[in-house]
Each structure stands twice: as structure tokens, then as C-alpha cells.
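# Survey of secondary and tertiary structure
Now for the letters of each chain:
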Amino acid sequence: MTATIIDGKAIAADLRARVAEGVAAFRQSAGRVPGLAVVLVGEDPASAVYVRSKGRATREAGMESIEHRLPADTDTETLLALVRSLNADPAVDGILVQLPLPKPVDTQAVLLAIDPDKDVDGFHPVNAGRLATGMPGFVPCTPLGCVMMLKTVHPDLTGMDAVVVGRSNIVGKPMAQLLIAESCTVTVAHSRTRDLPAKVRAADVVIAAVGIPALVKGDWIRPGATVIDVGINRTEAGLVGDVDYAAASQVAGAITPVPGGVGPMTIACLLSNTLDSARRRG
Ligand SMILES: Nc1nc2c(c(=O)[nH]1)N[C@@H](CN(C=O)c1ccc(C(=O)N[C@@H](CCC(=O)O)C(=O)O)cc1)CN2
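Residues numbered from 1 in each chain as written. Predicted model: local features only at pLDDT ≥ 70, side-chain atom pairs only at ≥ 80, totals over all residues. Heavy atoms only, no water.

Our next topic: the UniProt feature "domain: Tetrahydrofolate dehydrogenase/cyclohydrolase catalytic" (unreviewed entry) in the protein. Residues annotated in UniProt with the feature "domain: Tetrahydrofolate dehydrogenase/cyclohydrolase catalytic" (unreviewed entry) correspond here to residues 6–121. Helix makes up 51% of residues 6–121 and strand 16%. Its end C-alpha atoms lie 24 Å apart. (UniProt positions renumbered as here; feature names shortened; annotations may be inferred. Helix = DSSP H or I, 4+ residues; strand = E, 2+ residues; numbered from the N terminus.)

Moving on, we get to the site of the ligand. Taken together, the neighbourhood of the ligand is formed by 17 residues, with Lys54, Val97, Asp121, Arg234 and Gly260 sitting nearest. A distance of 2.6 Å separates an oxygen atom of the ligand from a polar atom in the side chain of Arg234. One nitrogen or oxygen atom from the main chain of Gly260 is found 2.7 Å from an oxygen atom belonging to the ligand. Burial of the ligand by the protein amounts to 80% of the accessible area it has alone, namely 680 Å². Of all the secondary-structure elements, those providing two or more residues to the shell around the ligand are helix H2 (45–60), strand E4 (94–97) and helix H10 (262–281). (Near = heavy atom within 4 Å. Polar contact = N/O pair within 3.5 Å; in protein donor to acceptor, adjacent residues only side chain to side chain. Areas by Shrake-Rupley, 256 points an atom, 1.4 Å probe, with all protein chains shown as cover.)

Next up on the list: the UniProt feature "binding site: NADP(+)" (unreviewed entry) in the protein. On the UniProt side, "binding site: NADP(+)" (unreviewed entry) is annotated at positions that read Gly166, Arg167, Ser168 and Ile232 here. Here Ser168 is to be found in the loop between strand E5 (161–165) and helix H7 (172–181). Setting aside residues no more than four positions away along its own chain, Ser168 makes contact with Lys173 and Pro174. Relative to the helices and strands, Ile232 resides in the loop between strand E8 (226–229) and strand E9 (233–235). Once you skip the residues sitting within four places of it in the chain, Ile232 turns out to touch Tyr50, Leu239, Val240 and Gly263. (Contact = heavy atoms within 4.5 Å.)

Printed below as a string of C-alpha cells:
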């Protein structure tokens, strides 16, 4: 079997076009455009690329991109002051602090300082709680994009067995919550999981979000399963996911590529969350 490729670029382009239409309508009714503030601290090359992409995508959707670039030695207090000023700025509908922050910065304190109603990344504990309890709030962009891609293959996920490999606050945990909300039976696996291959083999849906290049092998995949690869690992062989793509794509029913899978959806969902925020704020 050769898997259907889930084309994240195409699905993201479609979502971005719909967001742009929504922005045009919002502009007509509200007399302003949604604003997204992105904060980048330091010189991490990958983060700089992602922030540039976010700025470009924000402008292409017709929204205002407000970018703050701070030196690597910025201290926590300075960042907190910037976040507080963005919280108070009526032109800012969404605030995103690009992660990872340089080591000395207290990342938790910075994320906690963001107004939950402008937290378009969905990382604030208030939004994590809203997601866990089924209340409206912001859902982290990467898992949100994963569910959208999954639904192109399985419009109804009810009753499916899903395994999430990875338990991060940013992807693994919210991913599990979203799949529970879709009535999947969810196993969350991690580095201490016993017999990981068996857990993956039992799943109809595999979400690999562990940050280890090609950890998930082809013979771990149940024939016909749907595989979403969240990994973006820079190796000597280039950019690779958390799944052994060549082998897994011979067994899976559908699979996301890296690049061109989850990554583009992360940015498209950020735009969508920002438009939602502007609509809520009016
Ligand atoms: N505040 C946040 N920080 C980080 C997030 C996040 O959602 N919010 N996620 C990641 C990085 N990220 C967005 O910020 C991101 C990663 C990858 C892509 C992407 O489109 N990747 C391309 C490959 C591009 C490349 O060559 O690197 C792809 O997969 O096709 C977009 C966004 C960590 N930080």
C-alpha cells in the first residue's frame, strides 16, 4: 500500500484564503483590521525564519503585523513590561512570544503574563483549562492544524483509537484533549512508555510529536492507519520528521510529509485564531 499524502501546504493555503475573506468582512463591519503582535528574543535562526513567515502571512491575510525583536540578553522584567503594554493596546488582538526563549528568561512567567483573551498561541493555563473542560478559548495552533488535516481523511473521528507520542504542553497534551473532544480513545505515550511499538500498532491514528528524528518505524504502523508527523528535526540528512516516512508511507493509509505537512498549518491556524480574537473583541 502507498499512503495518500495529506498536503498541509494546500490545506493551509485554503484556510489562509478563508481567513483573508473573514478579515475583509471584519474590516468592513468593525472599521479596523485585526492586529497580531509577535515577540522574538535573540538570534535563533529557525525562530527568525518562523517569525518572518508569520509576519508575511499576517500581512497577506490583510491583518496588521506588529513585530518586536529584542536582543538575546533581554531580561524577564523587560519582556513582562512589553507583554503588559501589548495586553493594554486596543490595536493588538493577538500576542505571540516565539519559543524557545533564551535560557535565562522565565518562560512560564512570560506566558502567564499574556492576557488569555489575546493568547492566540493558546499556551496560557486559562486556555489549557478551557480546552480541557470544553469551554471556548484559544487552541494551540499545531494541534489545531493536526485535527484539521486528520478531518480531511476522517471527517468523523468518533470511536477511533489514537496514540499521541509526546506529552508537551504545546502539542502532546492539547492534541490529546482535542482528540478526546472528537470522541477518539486516546493513548498518550512518551519516553517512559513501555512497548511503544505495540501502542502505536494498536492505533488507527498516530500523532508523532516527540522531537526524535524517525523514531516511529514503518513496522510500528497498523496497515491503513493515518499518520500525522509533527516533528521538525534538522539533521545532516536535512529536515526530517519523527516518523520514518519512507517506510511508514508504504504501510499507512494516509500520512503528512515533512516539510509541507503540519508546519504550514501551524501558521494558518495562528491567523485563524487572530481573526477569531478580533471578532470576539469587536
Ligand atoms: N510561540 C510559538 N513558538 C513556537 C511554535 C508556536 O506554535 N508558537 N511552534 C514552533 C515553531 N513554529 C511556529 O512558531 C513553526 C515551525 C515550523 C513551521 C513550518 O512551516 N515548517 C516548514 C519547514 C520550514 C523549515 O525549513 O524550517 C514545514 O514543516 O513545511 C512553521 C511554524 C516552535 N515555536
